[in-house]
Amino acid sequence: MQFRLALLLPIFAWISLANLEISLAFDWPQWNGPNRDGRISDPDFSTNLDLTKVKEFWQTPIAYGYSGPAVIGQRVVVTDFQIESGQITNNPGGRDKLSGRERVLCLDRSTGKLIWKHDYAVDYQVSYGAGPRATPTIANNRIYTLGAEGHLICFDVSSGQIVWQKNLRADYKTETPMWGYASPPLVVGDQLIVLAGGKGSTYVSLNADTGVEQWRSGSASNIGYSPPMWIEVEGTRQLIVWDADALRSLELKTGNELWSTPLSPRFEMSIMAPVISGNRLYASGIGQVSGLFELQRDAQGVKKLWTGKPKMSVYCSNSTPVFDGKYLYGCDCDAGTLMCVDSENGARLWETSKPITDSERPARHGTVFLSKAKDGYSMFSENGDLIMADLTPEGYREKSRLKLIEPTNECFGRKVVWAYPAYSRNEIFVRNDKVIKCFSLR
């Protein structure tokens, strides 16, 4: 059972984040949480937990993948890739040629035992070829998965039967992005929003039940990798999307463009999801590209407040920052540190590499996945550490830390795990390229 809330803001009551599909059971049914905003809604979750008392419930063998788990009820869904031929080189400038099978695994949340699975043959030609990127999306008793080469499949949650399926690359006559299809599908009502590619079909709306196309919109040099979001401004539902060329707003019902503003990161790496606080929207990427924008009351445009310059702003890549009041907390892909930025002017208030490397030494493309709770932040680092901390404009204060899983992938000569965790009912689910684990956080 689900209910919809409108976010009432004391100053900007005319805008609501209408994508608040909050599960009463505090599930984690999609990328970055119930609302795609990195917030843990479970009121019993506390970052004051003594992590030395955390217990592992179970672990289950899996294969390669960057995709995080999704959790709903007694189901945990994760995707992976079993390599049959070829070699992963993690060459950022070239595509690996690999053959194998992508798999969709549905596990029992209490035991980790397999309930059902589906697998299919696929040939990869992507850089960093270690498996699917997009976290599954679960809504209305359906699971939507997207593979690295564009295989989009809708499953019945209970039985695992395929309801419908498409191949985005073939259907829209396009090429797989350098780093694969990575943007997790978004469900809004009866619509499933995906980044497809091809001429006039950068963004596509499908009927979530049947897979029938409802509209297609936009052309771009590359679709990028950024997860689509949706908001409501004065009764108008908008999709906020970011491709390799521009940040855009599309009318949800029709796909018509309401506004766009140029924002082009290097290497077509639009990755983080745009984040919103009040009537302000922020996005950033590699190459010191960023912007803070003010959403206009008529839903027809944005006002640019500032753009990033050297030694200001935070330039995020693999992980999406959290917009907390007027402050931004996120990992800078150039500096390799976690930063706090004042959104009023883009000033950096502090930075630290401690939650990323557990040292004072930054790491190129250093990554930590941030989730905000009622009393602090829970973070999952690229080292496989779970960290509880306070993030404030005054600084970073670590409360506790525990190694949950070993990093098994590689980036710039160091071991990393680059997959978002899932939090559900005081449990955390994490994966690497060998296992998926469940821990109690009670």
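Read on for an overview of the structure. The residue numbers shown here count from 1 along each chain, following its written sequence. With pLDDT at 70 or above as the cut-off, local features in this predicted model cover only qualifying residues; side-chain atom pairs require 80 or more to be listed or tallied, and sums for whole chains, interfaces and linings still use all residues. Side-chain numbers come from the whole structure's heavy atoms, not from hydrogens or water.

1. A few points about unusual backbone geometry
In step 1: A positive phi angle is found at Asn 90, which is not glycine, with a value near 50 degrees.
In step 2: Only DSSP runs of H or I with at least four residues qualify as helices, and only runs of E with at least two residues qualify as strands; both kinds are numbered from the N terminus onward. Its location among the elements puts Asn 90 in the loop between β6 (75–85) and β7 (96–108).
In step 3: Unusually for a residue other than glycine, Asn 426 sits at a positive phi of about 60 degrees.
In step 4: Residue position: Asn 426 is located in the loop between β35 (422–424) and β36 (427–431).

2. A word on the nonpolar core
In step 1: Nine residue types can take part in a nonpolar core, namely buried Ala, Val, Leu, Ile, Met, Phe, Trp, Tyr and Cys, and a core is a set of them joined through side-chain atoms within 4.5 Å. Relative accessibility decides the category of a residue: with a 1.4 Å probe and only protein chains considered, values under 20% of the type maximum give buried, values over 50% give exposed, and everything between is partly exposed. Of all hydrophobic cores here, the largest spans 35 residues; its most connected members are Leu 386, Tyr 423, Ile 428 and Leu 441.
In step 2: The set of elements that each furnish at least two residues to this core consists of β6, β7, β29 (368–373), β31 (385–392), β35, β36 and β37 (435–440).
In step 3: The leading source of residues in this core is β37, at four residues.
In step 4: Between two residues, a contact is recorded if the distance between any of their heavy atoms is within 4.5 Å. Each residue touching Ile 428, except ones within four places of it in the same chain, is listed here: Leu 386, Leu 404, Pro 421, Ala 422, Tyr 423, Lys 437, Cys 438, Phe 439 and Leu 441.
In step 5: Leu 263, Leu 281, Trp 306 and Val 341 belong to the second largest nonpolar core, which has 33 residues in total.

3. Points about the side chain of Ser 319
In step 1: Residue placement: Ser 319 occurs in the loop between β24 (302–307) and β25 (322–324).
In step 2: On the basis of relative accessible area, Ser 319 is assigned to the buried category, the value being 2%.
In step 3: Identification of polar contacts relies on pairs of N or O atoms within 3.5 Å, with a donor-acceptor requirement for protein atoms, meaning one able to donate a hydrogen and the other able to accept it, and with residues adjacent in sequence counted only if both atoms are side-chain atoms. Within the structure, the side chain of Ser 319 is placed 3.2 Å from the backbone oxygen of Val 368, a separation counted as a polar contact.
In step 4: In this view, Ser 319 contacts Met 272, Cys 331, Thr 367, Val 368, Phe 369 and Tyr 420; residues no more than four positions away in its chain are not counted.

4. Observations concerning empty space enclosed by the protein
In step 1: Of the two site types, the cavity is a set of points on a 1 Å grid over the protein atoms alone where a 1.4 Å probe fits but cannot get out, and the pocket is an open set with protein on both sides within 12 Å along at least five of seven lines, each lined by residues with an atom within 4 Å of a point. Grid points are joined across faces, edges and corners, and a volume is the space filled by probe spheres set on the points. Summed over all chains, the structure comprises five cavities of 30 Å³ or more.
In step 2: Approximately 60 Å³ is the volume attributed to the largest cavity.
In step 3: What lines the largest cavity is a set of 13 residues, among which Ile 40, Asp 42, Tyr 423, Ser 424 and Arg 425 lie closest to the centre.
In step 4: Following the grouping adopted for this structure description, the nonpolar residues are Ala, Val, Leu, Ile, Met, Phe, Trp, Tyr, Cys and Pro, the charged ones are Asp, Glu, Lys and Arg, and the polar ones are all others, Gly among them. The residue inventory of the lining of the largest cavity, partitioned by class, reads six nonpolar, three polar and four charged.

5. Looking at the packing of aromatic side chains
In step 1: Note on aromatic contacts: the rings of Phe and Tyr and the six-membered ring of Trp form a pair at centre separations within 6.5 Å, being stacked when their planes are under 30 degrees apart, edge-to-face when over 60 apart, and tilted otherwise. Taken as a whole and judged by the stated rule, the model has 12 aromatic pairs.
In step 2: Ring plane angle 70 degrees and centroid distance 5.4 Å describe the contact between Trp 31 and Tyr 420, whose orientation is recorded as edge-to-face. Here Tyr 420 lies in the loop between β34 (414–416) and β35 and Trp 31 lies in the loop between β3 (21–23) and β4 (55–61), a separation of 389 residues in the sequence. For the pair shown, Trp 31 and Tyr 420 are each scored as buried.
In step 3: With a centroid separation of 6.0 Å and 65 degrees between ring planes, the pair formed by Trp 179 and Tyr 225 is classed as edge-to-face. Of this pair, Trp 179 sits in the loop between α1 (168–171) and β13 (186–188) while Tyr 225 sits in the loop between β16 (213–217) and β17 (229–233); the two residues are 46 residues apart in sequence, bridging distant segments of the chain.
In step 4: One aromatic cluster is present, formed by Trp 28, Phe 45 and Tyr 423 through successive ring pairs.
In step 5: Across the ring face of Phe 412, the terminal group of Arg 364 is positioned such that the distance to the ring centre comes to 4.1 Å. Counted as over-ring charges are cases with an Arg CZ or a Lys NZ within 6 Å of the ring centre that also lie within 35 degrees of the ring normal.

6. Focus: the sheet that holds β24
In step 1: Should DSSP find at least two bridges between two strands, the strands are regarded as paired. Read from one edge to the other, the open sheet built from four strands follows the order β21-β22-β23-β24, with strand pairing classed as antiparallel. The open sheet terminates on both sides in strands that have one partner only, identified here as β21 (275–277) and β24. The mean angle between the axes of side-by-side strands here comes to 25 degrees, regardless of whether they run parallel or antiparallel.
In step 2: Of the strand pairs in this sheet, strand β23 (residues 289–295) and β24 are connected by five bridges, and their pairing is antiparallel. The residue bridging Phe 293 from the neighbouring strand is Lys 304, located in β24. Whenever a helix is involved, its axis is fitted only over the stretch in contact; in every case the axis is a line through C-alpha atoms, and angles between N-to-C directions fall within 0 to 180 degrees.

7. So, the pattern of salt bridges
In step 1: The working definition used for a salt bridge is a side-chain nitrogen of Lys or Arg within 4 Å of a carboxyl oxygen of Asp or Glu. Enumeration over the complete set of coordinates arrives at 25 salt bridges.
In step 2: Salt-bridge contacts for Arg 237 lead to Glu 232; the nearest nitrogen and oxygen are separated by 3.6 Å.
In step 3: Accessibility expressed as a relative area gives 34% for Arg 237, which makes it partly exposed.
In step 4: Residues joined in a network through salt bridges with shared partners are Lys 354, Asp 358, Asp 385, Glu 398, Arg 401 and Lys 403.

8. A closer look at the side chain of Ser 201
In step 1: One can find Ser 201 in the loop between β14 (191–195) and β15 (203–207).
In step 2: Polar side-chain contacts of Ser 201 include one of 2.5 Å to the backbone oxygen of Gly 197.
In step 3: Setting aside anything within four residues of it in sequence, one finds Ser 201 in contact with Tyr 172, Ala 196, Arg 216, Ser 217 and Gly 218.

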